[in-house]
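Residues per chain are reported as follows:
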Amino acid sequence: MTTSPEGRAARRGRDGSTDGSRASLPTVVCANCGRTNRVPAAAEGSPRCGNCRAPLPWIAEAGDTDFGEVAEQASLPVLVDLWATWCGPCRMVSPALEQVAKDMAGRIKLVKVDIDKSPALARRFEVQAVPTLLILDHGRPVARQTGAAPANALRRWVGESLSTPRGPADSTSGRPR
């Protein structure tokens, strides 16, 4: 029996597997050698090119159900972009954030969270305006910024935020004291 391509695609998982057992793995082209690599949303360490071992930018999406695994358990500091599809400044800052993730490959992970699809995270992080950017270090918020900015300003903010020593986090809000 033959099936149309649409029917076969409907039975396949997002990654093309037919049993749905593997999650979709986005691909990233290595800036060093040009090879395409699959990069999981959650893993230990940081992604490296399978060919030349150069660090790869780590950009993932997360929501209410997988944020802990994708962002809070990451071994690298995480730049969280809390955004919304209807937000013009969010769409403007997205390429700048991706450029920062590329420039700081191997040192940070960029996790994008659509607040309309993840209302629990929007409440948890007390999002009043979008885009709201957070930096998490070992799952703990260490810096926060609201609004769009150019890539060089974002890169500087991330670098300064990660180099500033922080006290223990407040157990109720998770914010530094």
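For the structure, see preceding data.
Basis of the calculations
- For every chain, the first residue of the written sequence is number 1, and numbering continues from 1 along that sequence.
- With the structure being a predicted model, the display of local features is reserved for residues of pLDDT at least 70 and the display and counting of side-chain atom pairs for 80 or more, all residues being used for whole-chain, interface and lining totals.
- Note that water and hydrogens are dropped before the side-chain values are worked out from all heavy atoms of the structure.
- Think of it this way: any DSSP run of H or I at least four residues long counts as a helix, any run of E at least two long counts as a strand, and we number them from the N terminus.
- Accessibility here uses a 1.4 Å probe with only protein chains present; expressed as a share of the type maximum, an area under 20% marks a residue as buried, one over 50% as exposed, and anything in between as partly exposed.
- Expected helix span is given by 1.5 Å per residue-to-residue step, counting one fewer step than there are residues.
- Here the bend at each residue means the angle between axes fitted to two seven-residue stretches, the one ending at that residue and the one beginning there.
- Contacts were defined at the residue level, with two residues in contact if any of their heavy atoms lie within 4.5 Å.
- Side-chain rings of Phe, Tyr and Trp, where Trp is taken by its six-membered ring, are said to pair if the distance between their centres is within 6.5 Å; with planes under 30 degrees apart they count as stacked, over 60 as edge-to-face, and otherwise as tilted.
- Note on pairing: two strands pair once DSSP finds at least 2 bridges between them.
- When the strands point away from the viewer, a crossover counts as right-handed if the path from the first strand over the helix to the second runs clockwise.

Enquirer: What exactly am I supposed to notice about unusual backbone geometry here?
Expert: A cis amide bond links Val130 to the next residue, Pro131, at an omega of 0 degrees. The topology assignment puts Pro131 in the loop between helix 4 (119-124) and strand 6 (132-137). One non-glycine residue with positive phi stands out, namely Glu126, at about 50 degrees. Tracing the chain through its elements places Glu126 in the loop between helix 4 and strand 6. You can call Glu126 partly exposed: its relative accessible area is 42%. The phi dihedral of His138 falls on the positive side, at around 55 degrees, and the residue is not glycine.

Enquirer: Even after reading the chapter, I still don't get helix 3 (residues 88-103), so can you show me in this structure?
Expert: Think of an α-helix as turning once every 3.6 residues; residues three or four places apart then point the same way. The end-to-end C-alpha distance of helix 3 is 24 Å, a good match for the 22 Å that 16 residues give at a rise of 1.5 Å each. At Ser94, helix 3 shows its maximal bend, which comes to roughly 30 degrees, and the proline Pro95 appears one to four places after that position. Within the sequence span of helix 3, burial applies to Cys90, Val93, Ser94, Ala96, Leu97, Val100 and Ala101. Those residues of helix 3 that are buried are in contact with strand 3 (58-61), strand 4 (78-83), strand 5 (109-114), strand 6 and helix 5 (151-163).

Enquirer: Mind showing me how you'd approach the packing of aromatic side chains here?
Expert: Between two aromatic rings, the relevant description is the distance of the centres plus the angle of the planes. The final tally for this structure, using the stated rule, is one aromatic pair. Ring centres 5.7 Å apart and planes at 65 degrees place the aromatic pair Phe67 and Phe125 in the edge-to-face group. Of this pair, Phe67 sits in helix 2 (residues 67-72) while Phe125 sits in the loop between helix 4 and strand 6, and the two are 58 residues apart along the sequence. For the pair Phe67 and Phe125, one class covers both residues: buried.

Enquirer: When you look at the pairing of strand 5 in this model, what are you seeing that I'm missing?
Expert: When a strand is regular, its side chains alternate between the sheet's two faces. Among the six residues of strand 5, six are classified as buried, and the element is accordingly described as predominantly covered. A two-sided burial pattern is seen for strand 5, the buried positions comprising Lys109, Val111 and Val113 on one face and Leu110, Lys112 and Asp114 on the other. The pairing of strand 4 with strand 5 spans six bridges and is parallel. Directly across from Trp83, in strand 5, lies its bridge partner Asp114. Each parallel crossover has a hand, and the one from strand 4 via helix 3 to strand 5 is right-handed.

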